[in-house]
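# Residue-level structural notes
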Amino acid sequence: TAHLWLNPFPVSLLKKIFAAHCPKYTKKDLLALWTITGGVARYVSLFMDAHAYTQRKMVDLFFSEASPFLEEGRSILIQEFGNDYMTYFTILTSIATGHTKFAEIKNDMGADVGAYLSNLEKNYNLIRKVNPVFSAAGSKNSMFCIADPFLRFWFRYVFKCAPYVERGLFERLRKLVAEDFEVFSGPALEQYFEWKFCGEQRYTELGRWWDRKGENEIDLVCEDEHSGELDFYEIKRN
């Protein structure tokens, strides 16, 4: 008699949970918690129970011998995808490493990926096809992104680096994440503010904008159709 959709914690609640466990948390550590967990209750709970309140401790826990996270992506998705799981996993890894345009993913795969991308978007809800805000319906100036921050992190640092995981080279993986995290967390920070503004219900329309050549972009454009307010945001870590 009802339809129940379990969403991750909204940004406002994630901040309250973090503050309850670590009142002096930093914005850098909040971004790490968001980037790795995406607000999923179970993952947040694992970090809080382990007192992993800093980016360093979160990454140390994630890449450790007894980590509950290393097999998580595989165990969630492999039964969903069946015999085609390797193709889907490779596509998701391609997107997680920065190939967001259809042509880029196709070139990376060396094969037509249209049907797989459509399934990932429409049947599995794992990726989103994003167009520039206010663009016309059917615009071909689109990008793909992994909808779930945790899976984006998992495919970038676990599945892609599977040989490191299998050999237990956890210190190498921690170093890789430390060196790469500032760049990797940039899109997560943009997504954080998009979710934040959605939760606050401040706007009726919001999203990114970019031109066809990819030379100009605006991180977040937000409009309130009722008041006529239009805001532009440049989102930086500092």
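The following paragraphs examine the structure supplied in this document. What you are looking at is a predicted structure, and each value in this text was computed from that prediction instead of being measured.

Summing up its helical and strand segments, the protein has eleven helices and five strands in all. Its C-alpha radius of gyration of 18 Å places the protein within 12% of the 18 Å reference for a compact globule of 238 residues. Principal-axis analysis of the C-alpha atoms places the extent of the protein at approximately 50 × 50 × 50 Å. Counting the 238 residues in the protein, one finds 41% classified as buried. Put simply, of all contacts in the protein between residues at least 6 apart along the chain, 55% involve residues at least 24 apart.

Moving on to unusual backbone geometry. The backbone phi angle of Asn125 is positive, close to 55°, even though this residue is not glycine. Among the structural elements, Asn125 can be located in the loop between α8 (114–123) and β1 (127–130). For Asn125, a relative accessible area of 45% translates into the label partly exposed. Despite not being glycine, Phe134 has its phi angle at roughly 70°, a positive value. Owing to a relative accessible area of 46%, Phe134 belongs among the partly exposed residues under this scheme.

Taken in spatial order, the three strands line up as β3-β4-β5 in an open sheet, and their pairing is antiparallel. Only two strands of the sheet have a single partner each, and these edge strands are β3 (205–210) and β5 (229–233). Neighbour to neighbour, the strand axes of the sheet diverge by 25° on average, direction disregarded. Sheet analysis places β3 next to strand β4 (residues 217–224), joined by five bridges and oriented antiparallel.

Reading the values: the criteria
Residues numbered from 1 in each chain as written. Predicted model: local features only at pLDDT ≥ 70, side-chain atom pairs only at ≥ 80, totals over all residues. Heavy atoms only, no water. Helix = DSSP H or I, 4+ residues; strand = E, 2+ residues; numbered from the N terminus. Rg over C-alpha atoms; globule rule 2.2 N^0.38 Å. Buried < 20%, exposed > 50% of the residue type's maximum accessible area, 1.4 Å probe, protein only. Contact = heavy atoms within 4.5 Å. Pairing = 2+ DSSP bridges. Axes fitted to C-alpha atoms, helices over the stretch in contact; angles between N-to-C directions.

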